[in-house]
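# Coordinate analysis (summary)
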Amino acid sequence: MITLLDYGAGNVRSVVNAIEKLGESIKMVETHDDILSAEKLIFPGVGNFSSMIRILGQKNYLKPLKSYLESNRPFFGICLGLHALFDQSEEAPDLPGLGILKGVVKKFNIDRSVPHIGWNGICVKQPSQILSHLNGNEKFYFVHSYYVDCKDDVNVLTTTHYGIEFVSSIQHQNLIATQFHPEKSGAPGRLLLKNFIKGGNDKAMPLSVSTPTHLSKRIIACLDVRANDNGDLVVTKGDQYDVRENGTVRNLGRPVELAKRYYKEGADEITFLNITGFRDFPLEDMPMIEVLKQTSKSVFVPLTIGGGIRDYTDKNGRHYSALEVAEEYFRSGADKISIGSDAVLIAEKYIKTGNLTGESSIERISEVYGCQAVVISIDPRRVYVDAPDKVNHHVIETTIYGPNNEKFCWYQCTIKGGREGRDIDAVTLARVCEKLGAGEILLNCIDKDGTKSGFDIELINAVKGAVSIPVIASSGAGCVEHFLEVFEKTGVEAALAAGIFHRREVPITEVKTFLKDKVEIRF
Ligand code: 1PR
């Protein structure tokens, strides 16, 4: 029996699913006695150090957790569950950590995108029972802006390289904690959890030790989901956002089945976009929640969900905050949420007033769940101009001339699935959203969507150059060469595609086989 400490933030469903899939049963901590009486405790943490320590304090969990850890019983901490063990964190300097291990949690100060998101390797420093049957070359899923600066080298189990070499897991007697998420790391992650559950004293050292480690470029499968005219939830796909063919909504498959297929084929992440979320409130559209719950039972890579994340008042006058909507998605299995239309409206307001209110969906979700959980989905389209000073927007000089031979363009943001153009450009939107606390940009392009003509490299470079958070390139992938092009010509961390994967025109495995030896990928 595994006892799971859930303090209410982030996605514990993935951990529950991963452990149950391994045949183990779980008891959720409901009182502090559950911590004291646990035989094996797993503490997954996502989000923000200060809300974690505050909530643990409010629930009277801090003292029992400390005595459990001091009793040297088996413990597995994940992400913030690692940070909590140390003296202090730069994320919340006024709140002490548990102080079980000496050291502090520091923010990355590196010349790379932060958060560090994606699949990276581990460099093993000492034998461990949890490393049994690993070969040493596996990649695990990381998503964090802070890392532990562990004072005692003897506790360092693995390190990872990202701008610097940082501690990616620790081992102190029966206490294990990882910066990465084993529950989201496919087969090797589940092996680690299996080893922990099994226990025992046989310590193993992987056959090879990879150093330095490298962050992989991610290949993401995107599923645009909506109800078709019969009311069934289907994966659809538009051409420049028009999802109807001969008047009916294109049906390219069932969401859960397709997601499972992409997991098996090696997708590094899966994104669901509820494309009619702007008009159908997601918490009334429960099938989407069910899709997440079902998918997370057998898909052990990160899941992002977007569509309809905003404040909402239903027909009975009940008000829902965007945070509540996001919480429901996280509880159902999402690791990240993506905000489209609402982000544009928030940015417009911020530009007008210059005030950070702390009340917007971006700020509130980021505060509770951490910036890495908040993706901004941008839906821009090109607007050509004769000269850069013709508009008050970020204008680029383009090599793809306009209909009247214009050599300049800007990228107009849209809302409601491209139906409404707004007076704000994609570069400004990305910048403002980073400031408000977003952790990643999903950069679509209406002109390119479904065209199979390749990614819009000019758009991607303009946005990528304006922010220091990771950017996912989206729209236009038509062949394996397009993925190589986007990774070679831009600094994006991930590339996303939909149509070619759904129609099996270019399977994910083919993309990865082509990229192998050219680009760092997870194979
Ligand atoms: O505005 O917060 O409710 O979120 C709605 C979300 O739904 C946004 O993320 C928006 O991008 C998405 N969306 C809305 N309408 C459509 C549509 O197609 N009619 N889909 C839509 C956007 C774009 C991509 C697509 C890539 C790759 N889909 O995600 O998957 O362009 O396609 P390709 O590889 O086939 O070219 P809110």
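The structure this text deals with has already been given above.
First, a word on scope: everything that follows refers to the structure included in this document. (Residues numbered from 1 in each chain as written. Predicted model: local features only at pLDDT ≥ 70, side-chain atom pairs only at ≥ 80, totals over all residues. Heavy atoms only, no water.)

### A word on the overall build of the chain
Secondary structure summary: the chain contains 16 helices and 30 strands in total. A compact globule built from 523 residues should have a C-alpha radius of gyration of about 24 Å, and the chain, at 23 Å, falls within 12% of that. Overall size of the chain, expressed as C-alpha extent along the three principal axes, is 75 × 55 × 45 Å. Counting over 523 residues, the chain shows a buried share of 62%. A fraction of 72% describes how many contacts in the chain between residues 6 or more apart in sequence connect residues 24 or more apart. If you average the places of the 61 positive and of the 67 negative side-chain charges in the chain, the two averages end up 3 Å apart. (Helix = DSSP H or I, 4+ residues; strand = E, 2+ residues; numbered from the N terminus. Rg over C-alpha atoms; globule rule 2.2 N^0.38 Å. Buried < 20%, exposed > 50% of the residue type's maximum accessible area, 1.4 Å probe, protein only. Contact = heavy atoms within 4.5 Å. Lys, Arg positive; Asp, Glu negative; His and termini not counted. Charge placed at Lys NZ, Arg CZ, Asp CG, Glu CD.)

### Overview of the nonpolar core
Grouped together as the largest cluster of nonpolar side chains are 131 residues, with contacts concentrated most on Ile270, Phe272, Ile365 and Phe483. Among the elements that line this core, the one with the most residues is helix α12 (residues 426-436), at seven residues. Non-local contacts of Phe272, meaning those with residues more than four positions away in its chain, are made with Leu223, Val225, Pro255, Ala259, Met288, Val291, Leu292, Thr295, Leu303, Thr304, Ile305 and Gly306. By size, the runner-up hydrophobic cluster in this structure holds 35 residues, among which are Phe49, Leu101, Ile170 and Leu175. (Core = buried A, V, L, I, M, F, W, Y, C linked by side-chain atoms within 4.5 Å.)

### Considering unusual backbone geometry
For the bond from Val114 to Pro115, the omega torsion is 5°, close enough to zero to count as cis. Of note in the backbone geometry, Gln240 takes a positive phi value of approximately 50° without being a glycine. Residue position: Gln240 is located in the loop between β15 (233-236) and β16 (244-245).

### Points about the pattern of salt bridges
Within this structure, the stated rule accounts for 29 salt bridges. The partner of Glu324 in a salt bridge is Arg318, with the nearest N and O atoms 3.6 Å apart. Exposure remark for Glu324: the relative accessible area of 27% places this residue in the partly exposed category. Between Glu328 and Arg331 there is a salt bridge, with its nearest N and O atoms 3.3 Å apart. Of this pair, Glu328 and Arg331 both sit in helix α9 (residues 322-331), separated by three residues, roughly a single helical turn. (Salt bridge = Lys/Arg side-chain N within 4 Å of Asp/Glu carboxyl O.)

### A word on the site of the ligand
Around the ligand lies a shell of 24 residues, among which Lys237, Ser341, Ser377, Asp379 and Asp449 are the nearest. Contacts to the ligand include Asp379, whose side-chain N or O atom sits 2.6 Å from an oxygen atom. Between an oxygen atom of the ligand and a main-chain N or O atom of Gly476, the distance comes to 2.9 Å. Computed on the free molecule, the ligand has an accessible area of 770 Å², of which 98% lies beneath the protein chains in the complex. The pocket occupied by the ligand, as judged from atoms lying within 2 Å of grid points, is the largest pocket. Among the elements of the structure, β14 (218-227) and β30 (494-497) are those that each provide at least two residues to the shell around the ligand. Of the residues belonging to the shell around the ligand, the class tally is eight nonpolar, twelve polar and four charged. (Near = heavy atom within 4 Å. Polar contact = N/O pair within 3.5 Å; in protein donor to acceptor, adjacent residues only side chain to side chain. Areas by Shrake-Rupley, 256 points an atom, 1.4 Å probe, with all protein chains shown as cover. 1 Å grid on protein atoms, 1.4 Å probe; cavity = no way out; pocket = protein on both sides within 12 Å on 5 of 7 lines; lining within 4 Å. Sits in = over half its atoms within 2 Å of the grid points. Nonpolar A, V, L, I, M, F, W, Y, C, P; charged D, E, K, R; others polar.)

### Concerning the packing of aromatic side chains
What characterises a pair of aromatic rings is the spacing of the ring centres plus the angle enclosed by the ring planes. Under the definition given, this model contains 15 aromatic pairs. Their ring planes at 55° and their centres at 6.1 Å tell us that Tyr262 and Phe501 sit as a pair that is tilted. A residue pair is termed long-range when its members are at least 10 positions apart, and Tyr262 in helix α7 (residues 255-265) and Phe501 in helix α15 (residues 499-502) qualify at 239 residues. Of the residues examined, Phe501 reaches a relative accessible area of 1% and is grouped as buried. Pairwise contacts between aromatic rings join Phe108, Phe140, Phe142, Tyr147, Tyr162, Phe166 and Phe180 into one cluster. The lysine or arginine in question, Lys407, covers the ring of Tyr401, its NZ or CZ lying 5.1 Å from the ring centre. (Phe/Tyr/Trp six-rings, centres within 6.5 Å; stacked < 30°, edge-to-face > 60°. Lys NZ or Arg CZ within 6 Å of the ring centre and 35° of its normal.)

### Re the environment of Arg218
Relative to the elements of secondary structure, Arg218 occurs in strand β14. Sequence separation of Arg218 and Ala494 is 276 residues, and the distance between their C-alpha atoms is 4.4 Å. Residues within four places of Arg218 in sequence aside, it is in contact with Ile117, Gly118, Trp119, Asp268, Glu269, Lys336, Glu440, Pro470, Phe487, Glu493, Ala494 and Ala495. Among the polar contacts made by the side chain of Arg218, one reaches the side chain of Glu440 at a distance of 2.8 Å.

### Quick look at the environment of Ile100
If you trace the backbone, Ile100 turns up in the loop between β5 (88-89) and β6 (103-107). Between the C-alpha atoms of Ile100 and Asp268, which are 168 residues apart in sequence, the distance is 34 Å. Leaving out residues up to four positions away in the same chain, Ile100 has contacts with Lys66, Leu69, Glu70, Leu85 and Leu175.

### Quick look at the pairing of strand β4 (residues 75-79)
Counting buried residues in β4 gives five out of five residues, a clear majority hidden from the surface. As paired strands, strand β3 (residues 41-45) and β4 are joined by five bridges and run parallel to one another. Looking at the pairing, Pro44 lines up with Ile78 of β4. Of the pairings in the sheet, the one linking β4 to strand β13 (residues 175-178) comprises four bridges and is parallel in character. Looking across to β13, one finds that Phe75 is bridged to Leu175. (Pairing = 2+ DSSP bridges.)

### Considering the layout of surface pockets
Taken as a whole, the largest pocket holds about 840 Å³ of empty space. Tyr241, Leu273, Ile275, Asp379 and Gly417 are, among the 48 residues lining the largest pocket, the residues nearest its centre. Among the residues making up the lining of the largest pocket, the classes are represented as 15 nonpolar, 20 polar and 13 charged. In this structure, the second largest pocket occupies an estimated 500 Å³ of space. Along its surface, the second largest pocket is lined by 34 residues, and Pro115, Ser145, Gly370, Cys371 and Gln372 are the ones closest to its centre. Of all elements in the fold, only α5 (80-83), β9 (139-144) and α11 (361-369) reach the threshold of two or more residues within the lining of the second largest pocket. (Points joined across faces, edges and corners; volume = space filled by probe spheres on them.)

### Let's talk about the pairing of β6
Pairing between β5 and β6: two bridges, direction parallel. Within β6, the residue paired with Ser89 across the bridge is Val105. The pairing of β6 with strand β10 (residues 146-150) spans five bridges and is antiparallel. Its bridge partner lying in β10, Lys107 is registered against Tyr146.

By themselves, these are just geometric observations and shouldn't be taken as functional.
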